[in-house]
Amino acid sequence: MTADPVPAIPFDHRRHDIDALRALAFLFVILYHVGMYYVADWPWHLKSPHAAEWLQWPMRILNLWRMDLVFLISGVSLGFLSRGQGTWGLLRSRGLRLMLPLAFGMAVIVPYQAYAQGVANGLVAPGFGAFLLRYLSMAQPWPKQAFDGAEFGITWNHLWYLPYLFTYTALVALTLPLWKSAAGQRLRAAFNGLRGWKLLLLPVVPLLVFTMLLASRFPATHNLVRDFHLHSLYFTMFLYGYWMGVDTGVWKELERLRRVSLALAVAVIATFIALRAGMRSPPSGLLMDTLRMLYLWLAVATILGHGHRHLNRPWPWLRWANESVYPWYVLHQTLIIAGVTLLAPFALGPVVEPALLVALTLLGCWLLTDGLIRRTDLLRPLFGLKLRPRAAPSSAARKQDLRPEPGLRSPSPRA
């Protein structure tokens, strides 16, 4: 028997849970990158003398889904943005908002990361001014392994997310007629119509197939060109978000299943850890690939379900977070590296130092964003922000972006 359709939600209702999850996801990115300085045996730009092996497991548990969640949320945002824009309008608006901060970040924000790594590796002479002139001119080759991306002469480091996101956005924008066609709508409806165990298991199938075919041949590089395995996962999650964006039934179902998905995610990751414990090299094969992809989707489904249940309200901090998250993302890793350079000579130990490093990074992001970037029209586009409106917007103008669209609903057993 078919359930009654979900009651229509007013068009001016904003999806506060997606706004909140976006901000929280990027906060996890900041904490993860601080952790990269302290986790043993994982390469990063700089490494602490206090690097600890025990950090590998919590970092691995987070790493299996953190960026997949970010790309899914980005896909949700595109689902709402694409409603009122055609292909070229979407490419123009998203291209400006993604590529301008990337170019600025590579020229101004990221170079200090490369410099600090090169000096630490003994392959770059001290003196940031001289380094920057050579870095920006790209006139002389860098010593091999001087810093991450030295073979290209210039690097985007943590900003790799921006070209990946633009590529996926462009792929969807250029194929908008396909997604808006009858066949595309049927595919979207089929995904959003998944219920019960089907919603918790079937989205894993493409992820598992791609992993079996590509993981061993294309390890992660973040260089855009040959990152085929990560592309297959990230773009699939991006599409899931794009399909889900303006639907209502699938979100209600994720909310209904949130406790089941949490229990399954815990069981799957516990099994994964038990199988890996004590092995010198990571086990491979169908079983481990299945556990990894199951955990990825179940963790994301759990976060989306609980987010829809508990975060879909107008939190007082949400408007500030929406405008702060992009500049914080651009700034945070360079501030982490600068904090490491500042704190390391004091040898504060494995407890005080990381606590201070997190505090300094968050404080630096807040001061630069609220004290300078958000107040300066020249800087706002360079950090992905729109120019400030000349007049105070009306209440109707403020209610935009992530609003459910009436008519695009799928049946929910909770209706």
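Residues numbered from 1 in each chain as written. Predicted model: local features only at pLDDT ≥ 70, side-chain atom pairs only at ≥ 80, totals over all residues. Heavy atoms only, no water.

Per an unreviewed UniProt entry, the protein chain is named Peptidoglycan/LPS O-acetylase OafA/YrhL, and its organism is Variovorax guangxiensis.

**Student:** So what exactly am I meant to see when it comes to the nonpolar core here?
**Tutor:** What tends to happen in soluble globular proteins is that the nonpolar side chains get buried as a cluster. Of all hydrophobic cores here, the largest spans 118 residues; its most connected members are Phe71, Leu72, Tyr161, Trp297, Val300 and Leu304. Once residues within four sequence positions are removed from consideration, Val300 is found in contact with Trp65, Leu69, Leu72 and Met237. (Core = buried A, V, L, I, M, F, W, Y, C linked by side-chain atoms within 4.5 Å. Buried < 20%, exposed > 50% of the residue type's maximum accessible area, 1.4 Å probe, protein only. Contact = heavy atoms within 4.5 Å.)

**Student:** Which parts of the structure should I look at to understand the environment of Tyr112?
**Tutor:** Mapped onto the elements, Tyr112 comes out in helix H5 (residues 111–120). Sequence separation between Tyr112 and Leu132 is 20 residues, and the spatial gap between their C-alpha atoms is 8.3 Å. Excluding its chain neighbours within four sequence positions, the residues that come into contact with Tyr112 are Phe128, Thr334, Ile337, Ala338 and Thr341. Here Thr341 takes part through its side chain, which lies 3.4 Å from a polar atom of the side chain of Tyr112. (Helix = DSSP H or I, 4+ residues; strand = E, 2+ residues; numbered from the N terminus. Polar contact = N/O pair within 3.5 Å; in protein donor to acceptor, adjacent residues only side chain to side chain.)

**Student:** Would you explain the packing of helix H3 (residues 66–81) against helix H12 (residues 228–244) in this entry?
**Tutor:** Helix packing for two helices is described by the angle between their axes and how far apart those axes are. At a minimum axis separation of 6 Å, H3 and H12 run at an interaxial angle of 40 degrees. Compared by their axis directions, H3 and H12 come out oblique. The chirality of how H3 crosses H12 is right-handed. Across the interface between the two elements, Met67, Asp68, Phe71, Leu72, Ser74, Gly75, Val76, Leu78 and Gly79 from H3 touch Leu233, Tyr234, Met237, Phe238, Tyr240, Gly241, Tyr242 and Met244 from H12. (Axes fitted to C-alpha atoms, helices over the stretch in contact; angles between N-to-C directions. Parallel < 35°, antiparallel > 145°, perpendicular 65-115°, else oblique. Left-handed = near helix turned anticlockwise from the far one by under 90°.)

**Student:** For this particular structure, what's the right way to read the pattern of salt bridges?
**Tutor:** Pairs can form between side chains of opposite charge whenever their charged atoms are close. All told, the structure shown has 9 salt bridges when counted by the stated rule. A salt bridge links Arg292 to Asp289, with the shortest nitrogen-to-oxygen separation between them at 2.3 Å. You can see Arg292 and its partner Asp289 sitting in helix H15 (residues 286–310), 3 residues apart, about one turn around the helix. In this structure, Asp377 engages Arg388 in a salt bridge whose closest nitrogen and oxygen atoms are separated by 3.2 Å. In this pair, Asp377 sits in the loop between helix H17 (349–373) and helix H18 (395–398) while Arg388 sits in the loop between H17 and H18, placing the two residues 11 residues apart along the sequence. Look at Arg388 and you get partly exposed, because its relative accessible area is 37%. A network of salt bridges, in which partner residues are shared, links Glu323, Asp370, Arg374 and Arg380. (Salt bridge = Lys/Arg side-chain N within 4 Å of Asp/Glu carboxyl O.)

**Student:** Is there a simple way to explain the side chain of Gln113 in this structure?
**Tutor:** Looking at where Gln113 falls in the secondary structure, it is placed in helix H5. Residue class for Gln113 comes out buried when judged on its relative accessible area of 0%. Within the structure, Gln113 has its side chain in polar contact with the side chain of Gln333 (distance 2.8 Å). Leave out the neighbours within four places in its chain, and Gln113 touches His45, Asn157, His158, Gln333, Thr334 and Ile337.

**Student:** Mind showing me how you'd approach the packing of helix H14 (residues 258–276) against H15 here?
**Tutor:** At a minimum axis separation of 8 Å, H14 and H15 run at an interaxial angle of 150 degrees. If you check the angle between H14 and H15, you find them roughly antiparallel. Taken as a pair, H14 and H15 cross one another with a handedness that is left-handed.

**Student:** Could you clarify how one ought to interpret a nonpolar patch on the surface in this entry?
**Tutor:** Among the surface-exposed residues, Trp317, Trp320, Leu342, Phe346, Leu348, Val351, Val352, Leu356, Leu360, Leu363, Trp366 and Leu367 lie close enough to one another that they form a single nonpolar patch of about 1100 Å² accessible area. Of all the elements in the fold, those that place two or more residues in the nonpolar patch are helix H16 (318–343) and H17. When residues in the nonpolar patch are grouped by element, the largest group, 7 residues, is from H17. With respect to the helices and strands, Leu342 occurs in helix H16. (Patch = residues over 30% accessible without salt bridge, like charges linked within 9 Å, V, L, I, M, F, W, Y side chains within 5 Å. Areas by Shrake-Rupley, 256 points an atom, 1.4 Å probe, with all protein chains shown as cover.)

**Student:** Where do I start with the packing of aromatic side chains in this structure?
**Tutor:** Taken as a whole and assessed by the stated rule, the structure comprises 36 aromatic pairs. Ring geometry for Phe191 and Tyr240: centres 4.6 Å apart, planes at 20 degrees, overall stacked. Taken together, the residues Phe191 in helix H9 (residues 182–192) and Tyr240 in helix H12 connect sequence positions 49 residues apart. Across the pair, exposure class does not vary: Phe191 and Tyr240 are buried alike. Taken together through their ring pairs, the aromatic side chains of Phe26, Phe71, Trp160, Tyr161, Tyr164, Tyr168, Tyr234, Phe235, Phe238 and Tyr329 make up a single cluster. Sitting over the face of the ring of Trp251, Arg15 holds its NZ or CZ atom 4.2 Å from the ring centroid. (Phe/Tyr/Trp six-rings, centres within 6.5 Å; stacked < 30°, edge-to-face > 60°. Lys NZ or Arg CZ within 6 Å of the ring centre and 35° of its normal.)

**Student:** I tried to follow the side chain of Asn157 on my own but got confused; where do I start?
**Tutor:** Mapping Asn157 onto the fold places it in the loop between helix H6 (128–137) and helix H7 (161–174). Judged by relative accessible area, Asn157 falls into the buried class, the value being 11%. Setting aside residues up to four positions removed in sequence, Asn157 forms contacts with His45, Val110, Gln113, Ala114, Asp148 and Gln333.

**Student:** What exactly am I supposed to notice about the environment of Ala170 here?
**Tutor:** Looking at the element boundaries, Ala170 is found in helix H7. Taking the C-alpha atoms as reference, Ala170 lies 6.3 Å from Leu91; in sequence the two are 79 residues apart.

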